[in-house]
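# An overview of the molecular structure
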Amino acid sequence: MDDFSRSWTALREAVAGLADEDFARPSGCTGWLVRDLVCHLVIDAQDVLITLATPAGTPPTRDAASYWEVADAPPTGDDPLDALTVRLAAAYEDPGLLKFHLDDVGSAAGRAAVLADPGLAVGTRGEVLTVGDYLSAYVLEWTLHHLDLVAQLRRAPRPPAESLAAARELLERIAGAPFPAELSDTDALLVGTGRRMPGSTERAALSEAAVRFPLSLG
């Protein structure tokens, strides 16, 4: 719960501190501006609220690591849902409205997460997880998107060190092996998910560690 709250609060605070012109800058997500990414976060927050209010009557089928589907190729930005997100983001016009909506829905999602029973089984995407595992999976989501948010924004605050470490730990579980120790948590997340290409030294270390990468998560 602490990792979820910490990562989500930091991400929302980073969005709240953006200048209006920042919303038109590129994000770290292929084909998305910052405003598109923030709109996606609103949808994510709605998903959290829906899932936490959807108790399941069956045992868990997934945990925090297996919640993620690993695709063979990185997203291109051409997915219909991605295109819908772009249109929704453009409809806001005023970045202040988008900020307000994220703060409104995002705060509710944060409160619901704190109040939820970590052991409760909930349903999402046709699967069942405990609340604890579901929220742990979202620590990776929030931290990666925080890095996406600030990719072209030098002055924006970065994710907390604790969030980066927790996200790296989960990504390593998904990868089936730890990333080389010489990679910082940020570099492990960016390289591990294909958000940037590794340098020659990093590539050699990853090859020696036999880590599967890049991991395109969905």
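Here's a quick rundown of the structure. Residue numbers run consecutively from 1 along every chain, following the written order of its sequence. Where local features are concerned, this predicted model is filtered to residues with pLDDT of at least 70; where side-chain atom pairs are given and counted, the filter is 80 or more; whole-chain, interface and lining totals use all residues. Calculation of side-chain values draws on the structure's entire complement of heavy atoms; hydrogens and water are dropped beforehand.

A few words on the overall build of the protein chain. Note on conventions: DSSP H or I runs of at least 4 residues are helices, E runs of at least 2 residues are strands, and numbering of each starts at the N terminus. Each helix and strand counted, the protein chain has eight helices and four strands in total. What you see in the protein chain, going N to C, is helices and strands ordered as α-α-β-α-α-β-β-α-α-α-α-β. In terms of overall size, the protein chain behaves like a compact globule, its C-alpha atoms giving a radius of gyration of 17 Å where 218 residues would be expected to give roughly 17 Å. In terms of its C-alpha atoms, the protein chain occupies a principal-axis envelope of roughly 45 × 45 × 30 Å. Type-normalised accessible area, obtained with a 1.4 Å probe on protein chains alone, sets the label of each residue: buried when under 20%, exposed when over 50%, and partly exposed for intermediate values. Per-residue burial over the protein chain gives 45% buried out of 218 residues. Note on contacts: a residue pair qualifies if any of its non-hydrogen atoms lie within 4.5 Å across the two residues. Taking the intrachain contacts of the protein chain between residues at least 6 apart in sequence as the baseline, contacts between residues at least 24 apart amount to 71%. Accessible surface area values rest on a Shrake-Rupley calculation with a 1.4 Å probe, where residue burial reflects the displayed protein chains alone. When the accessible surface of the protein chain is split by element, carbon and sulfur atoms take 54% of a total near 10,700 Å². Radius of gyration: C-alpha atoms only; globule rule: 2.2 Å multiplied by the number of residues to the exponent 0.38.

What follows covers the state of the cysteines. Cysteine sulfur atoms are paired as a disulfide whenever they come within 2.5 Å of each other. Summed over all chains, the structure comprises zero disulfides. Between Cys29, a free cysteine, and Cys39, which holds the nearest cysteine sulfur, the sulfur-to-sulfur gap is 12 Å.

The subject of this paragraph is the nonpolar core. In a soluble, globular protein the nonpolar side chains are often hidden away together inside. Within the largest apolar cluster, 62 residues are counted, with the highest numbers of intra-cluster contacts made by Phe4 and Leu149. Among the elements that make up this core, the one with the highest residue count is helix 5 (residues 131-149) (11 residues). Non-local contacts of Leu149, meaning those with residues more than four positions away in its chain, are made with Leu11, Ala14, Val15, Leu18, Val34, Leu37 and Val38. Each nonpolar core is a collection of buried residues, namely Ala, Val, Leu, Ile, Met, Phe, Trp, Tyr and Cys, held together in the definition by side-chain atoms within 4.5 Å.

Whenever Lys or Arg places a side-chain nitrogen within 4 Å of a carboxyl oxygen from Asp or Glu, that contact is recorded as a salt bridge. Counted according to the given criterion, the structure contains 11 salt bridges. The partner of Arg173 in a salt bridge is Asp63, with the nearest N and O atoms 3.6 Å apart. Of this pair, Arg173 sits in helix 6 (residues 161-175) while Asp63 sits in the loop between helix 2 (34-52) and strand 1 (70-71), and the two are 110 residues apart along the sequence. When its relative accessible area of 46% is taken as the criterion, Arg173 is described as partly exposed.

Relative to the helices and strands, Gly106 resides in helix 4 (residues 95-115). By relative accessible area, Gly106 is classed as buried at 0%. In the structure, Gly106 is positioned 88 residues away from Gly194 in sequence and 27 Å away in space, judged by C-alpha atoms. In this structure, Gly106 is in contact with Trp8, Arg12, Ala45 and His101, ignoring residues within four places of it in sequence.

Right, let's get into the pairing of strand 2 (residues 121-124). Every second residue of strand 2 is oriented toward a common face, with Ala121 and Gly123 on one face and Val122 and Thr124 on the other, all of them buried. Should DSSP find at least two bridges between two strands, the strands are regarded as paired. Linking two consecutive strands that pair antiparallel, namely strand 2 and strand 3 (residues 127-130), is a turn of two residues; a positive phi of about 55° is found at Arg125 within it.

Patch definition: residues with relative accessible area over 30% and no salt bridge; like charges joined within 9 Å; nonpolar side chains (Val, Leu, Ile, Met, Phe, Trp, Tyr) joined within 5 Å. A cluster of nonpolar residues, Leu81, Leu84 and Leu88, forms a patch on the protein surface that exposes about 260 Å² of accessible area. Assignment of secondary structure puts Leu81 in helix 3 (residues 80-92).

Picture a little ball the size of a water molecule; that probe, rolled over the atoms, points out where space is still empty. Points on a 1 Å grid over protein atoms alone make up a cavity when a 1.4 Å probe fits among them but cannot get out, and a pocket when they form an open set with protein on both sides within 12 Å along at least five of seven lines; lining residues each have an atom within 4 Å of a point. Grid points are joined across faces, edges and corners, and a volume is the space filled by probe spheres set on the points. By volume, the second largest pocket is sized at about 210 Å³. Along its surface, the second largest pocket is lined by 13 residues, and Asp3, Ser136, Val139, Ala166 and Leu170 are the ones closest to its centre. Residue composition of the lining of the second largest pocket, by class: eight nonpolar, two polar and three charged. Residue polarity is assigned by list, with Asp, Glu, Lys and Arg as charged and Ala, Val, Leu, Ile, Met, Phe, Trp, Tyr, Cys and Pro as nonpolar; anything else, Gly included, falls into the polar class.

Checked against the element boundaries, Val34 lands in helix 2. Considered as a pair, Val34 and Leu49 are 15 residues apart in the sequence and their alpha carbons are 23 Å apart. Ignoring anything within four residues of it in the chain, the contact list for Val34 reads Leu18, Asp22, Phe23, Arg25, Pro26, Ser27, Leu149 and Leu153.

In this section: the packing of aromatic side chains. To pair, rings of Phe, Tyr and Trp, with the six-membered ring standing in for Trp, must have centres within 6.5 Å; the planes then decide the type, stacked if under 30 degrees apart, edge-to-face if over 60, and tilted in the middle. Under the defined criterion, the tally for this structure stands at six aromatic pairs. Residues Tyr138 and Trp142 carry aromatic rings whose centres are separated by 4.8 Å and whose planes lie at 50° to one another, so their mutual orientation is tilted. Of the two residues, Tyr138 and Trp142 both sit in helix 5, four residues apart, roughly one turn of that helix. Trp142 sits in the buried class, given a relative accessible area of 0%. Ring-pair connections join several aromatic residues into one group, and the members of that group are Phe4, Trp8, Tyr67, Trp68, Tyr134, Tyr138 and Trp142. Criterion for a charge above a ring: Arg CZ or Lys NZ at most 6 Å from the ring centre, at most 35 degrees from the ring normal. Seen from the ring of Tyr67, Arg125 lies directly overhead, with NZ or CZ sitting 4.2 Å from the centre.

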